[in-house]
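# Residue-level structure breakdown
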Amino acid sequence: QITTVSGNEFLLQSDIDFLILDWFHAIKNAIDRLPKEQRITSRNLEFKLRRSSSIEFLNNLDTESKEPKPEHRKSLIFRLNYSASDTNDRNRVKSRLKKFISRRPSLKSLQEKGLIKDQIFGSHLHLVCEHEKSTVPQFVRLCITAVERRGLDVDGIYRVSGNLATIQKLRFVVNQEEKLNLDDSQWEDIHVVTGALKMFFRELPEPLFPYCFFEQFVEAIKIQDNATRIKSIRSLVRKLPRPNYDTMKILFEHLQKIAAKESVNLMSTQSLGIVFGPTLLRPEKETGNMAVHMLYQNQIVELMLSEYSKIFGSEED
């Protein structure tokens, strides 16, 4: 706060120390540019930077008067204070913020009132499907179609990461329910599309393989006899909720097409298992067996790709 002898007050406010210093130097430079008889020397300027976040300097110059009176010069005090408020004011602000936050409506209530639309990313799979009146999210279908049209032959498809900023932009567009066209030039990099698809599955509150099935799939993959192992996995897959089963089927069918182009894209069933294992199934609570779990996660995805027709085929097959 700058107060002059004539009663005028000016408030300069900032939380940044170096900015306050810039102001101080700017005012000092303005003083230095005054005619010599009105100029204050550095000996008459007192500058202090205190822990209380205030800067004060005393000046014996009346800057509003071209010919300042000596008595005015002696009494003039400049104060620059950049603290937002004193301690009591800060406490009052904090108290008000706490009350505001405690009274704010929940995300669920805002969604129920239609003020906030349901999100695609980060929502439960069955909720996304219910909202779209389908059993496979439209976004999943769009990504698969785009990859199969222009990504099957791409080296390292699904393994190579796309630009994260662009992936987040795509995520935002999908969540805002804007019309999505993956053929748009901004999604030209197919790794952005695959990155967004992996992010969709990674952000599901409950993975594509539901938590309650995790241990059962792990026990099934441990079975030594291959025919029995396949039969056990097939049985578990058939027990999955409809959105999980249908989404899993279309995804694994797509990944099987990727693996079929291994000679070109260098993505084998094993490579895809490493990429998608931890993304599609994981325990609800991580334990000390994370490395072992990861091995089983990869093996489950790899087996389901290798034996896709037996696991997802009809009973007659």
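This report concerns the structure included in the present document. Bear in mind that the values here come from a model prediction, so they are computed numbers and not experimental data.

Further remarks concern the overall build of the protein. Broken down by element type, the protein carries 15 helices and five strands. Within the span of the protein, comprising 317 residues, buried residues form 39% of the whole. Counting only contacts in the protein whose residues sit at least 6 apart along the sequence, the fraction spanning at least 24 positions is 67%. Entry remark: accessible area of the protein is about 18,800 Å², with carbon and sulfur atoms responsible for 51%.

Quick look at the packing of helix α13 (residues 269–280) against helix α14 (residues 290–306) now. Following both chains from N to C, one finds α13 and α14 inclined at 125°, their axes separated by 7 Å at the closest point. If you check the angle between α13 and α14, you find them oblique. As α13 packs across α14, the resulting crossing turns out to be right-handed. Side by side, α13 and α14 meet where Thr269, Gln270, Leu272, Gly273, Ile274, Phe276, Gly277 and Pro278 of the first sit next to Met294, Gln297, Asn298, Val301, Glu302, Leu305 and Ser306 of the second. For the contact of α13 with α14, a count of residues per class yields seven nonpolar, seven polar and one charged.

The next subject is the packing of helix α9 (residues 211–221) against α14. At their nearest, the axes of α9 and α14 sit 10 Å apart, and the two run at 75° to each other. Judged by the angle between their axes, α9 and α14 are roughly perpendicular. Taking contact as the criterion, the partners of Phe214, Glu215, Phe217, Val218 and Ile221 in α9 are, on α14, His293, Tyr296, Gln297, Gln299, Ile300 and Leu303. When its residues are assigned to classes, the contact of α9 with α14 shows seven nonpolar, three polar and one charged.

Our focus in this paragraph is unusual backbone geometry. One non-glycine residue, tyrosine 158, adopts positive backbone phi at about 75°. Inspection of the secondary structure puts tyrosine 158 in the loop between α6 (138–150) and α7 (164–175). Relative accessible area serves as the criterion here: at 0%, tyrosine 158 is assigned to the buried category. In this model, leucine 266 sits at a positive phi of 60°, which is unusual for a non-glycine residue.

Here we come to the nonpolar core. Counting 67 residues, the largest nonpolar core has Tyr158, Phe209, Val237, Phe252 and Met304 as its most contacted members. The contacts of tyrosine 158, once residues within four sequence positions are left out, are Val147, Thr194, Leu197, Lys198, His254, Leu255, Ile258, Leu272, Val275 and Phe276.

Glancing now at the packing of aromatic side chains. Within the structure shown, the criterion is met by 11 aromatic pairs. Ring geometry for phenylalanine 121 and phenylalanine 200: centres 5.9 Å apart, planes at 90°, overall edge-to-face. Taken together, the residues phenylalanine 121 in the loop between α4 (107–112) and α5 (125–132) and phenylalanine 200 in helix α8 (residues 190–202) connect sequence positions 79 residues apart. Taking relative accessible area as the criterion, phenylalanine 121 reaches 3% and is therefore assigned buried. Owing to a relative accessible area of 0%, phenylalanine 200 belongs among the buried residues under this scheme. These aromatic residues form a ring-pair network of at least three members: Phe209, Phe213, Phe217, Tyr245, Phe252, Tyr308 and Phe312.

Right, let's talk about the environment of serine 314 for a bit. Examined against the element boundaries, serine 314 turns out to sit in the segment after α15 (308–312). With residues near it in sequence (within four places) discarded, serine 314 still touches Arg234 and Arg238.

On to the pattern of salt bridges. Per the stated rule, a full pass over the model turns up eight salt bridges. Aspartate 183 serves as the salt-bridge partner of arginine 149, at 2.5 Å between the closest nitrogen and oxygen. Remark: aspartate 183 occurs in the loop between α7 and α8 and arginine 149 occurs in helix α6; sequence separation between them is 34 residues. We note a salt bridge from aspartate 153 to lysine 261, for which the minimum N-O separation is 3.3 Å. Taken as a pair, aspartate 153 in the loop between α6 and α7 and lysine 261 in the loop between α11 (242–260) and α12 (262–265) lie far apart in primary sequence, 108 residues in all. A single salt-bridge network, built from bridges that share partners, covers Arg149, Arg150 and Asp183.

Calculation rules
Sequence order as written defines the numbering, with residues in each chain counted from 1. Local features in a predicted model are, by the rule used here, given only for residues with pLDDT of at least 70; side-chain atom pairs are given and counted only at 80 or more, and totals for whole chains, interfaces and linings are based on all residues. Each side-chain value is derived from all of the structure's non-hydrogen atoms; neither hydrogens nor water enter the calculation. By the criteria applied, helices consist of DSSP H or I runs no shorter than four residues and strands consist of E runs no shorter than two, each listed in order from the N terminus. With a 1.4 Å probe rolled over the protein chains alone, any residue whose accessible area is under 20% of its type maximum counts as buried; one over 50% counts as exposed, and the rest are partly exposed. Whether two residues touch is decided by their heavy atoms; if any such pair falls within 4.5 Å, the residues are in contact. Here the Shrake-Rupley method, with its probe set to 1.4 Å, supplies the accessible areas, and only the displayed protein chains count as covering residues. Here the axes come from fitting lines to C-alpha atoms, over the contacting stretch only for helices, and the angles between their N-to-C directions go from 0 to 180 degrees. Throughout, the term roughly parallel applies to angles under 35 degrees, roughly antiparallel to angles over 145, roughly perpendicular to angles from 65 to 115, and oblique to all others. Definitions for this section: a left-handed crossing has its near helix turned counterclockwise from the far helix by less than a right angle. A right-handed crossing has that turn clockwise. Each residue receives one of three labels: charged for Asp, Glu, Lys and Arg, nonpolar for Ala, Val, Leu, Ile, Met, Phe, Trp, Tyr, Cys and Pro, and polar for the others, Gly being one of them. Grouping buried Ala, Val, Leu, Ile, Met, Phe, Trp, Tyr and Cys residues that are joined through side-chain atoms within 4.5 Å yields what is termed a nonpolar core. Stacked, tilted and edge-to-face are the three classes assigned to paired rings of Phe, Tyr and Trp, where Trp is represented by its six-membered ring and a pair needs centres within 6.5 Å; plane angles under 30 degrees give stacked, over 60 edge-to-face, the rest tilted. Only one rule defines a salt bridge in this text: a Lys or Arg side-chain nitrogen within 4 Å of an Asp or Glu carboxyl oxygen.

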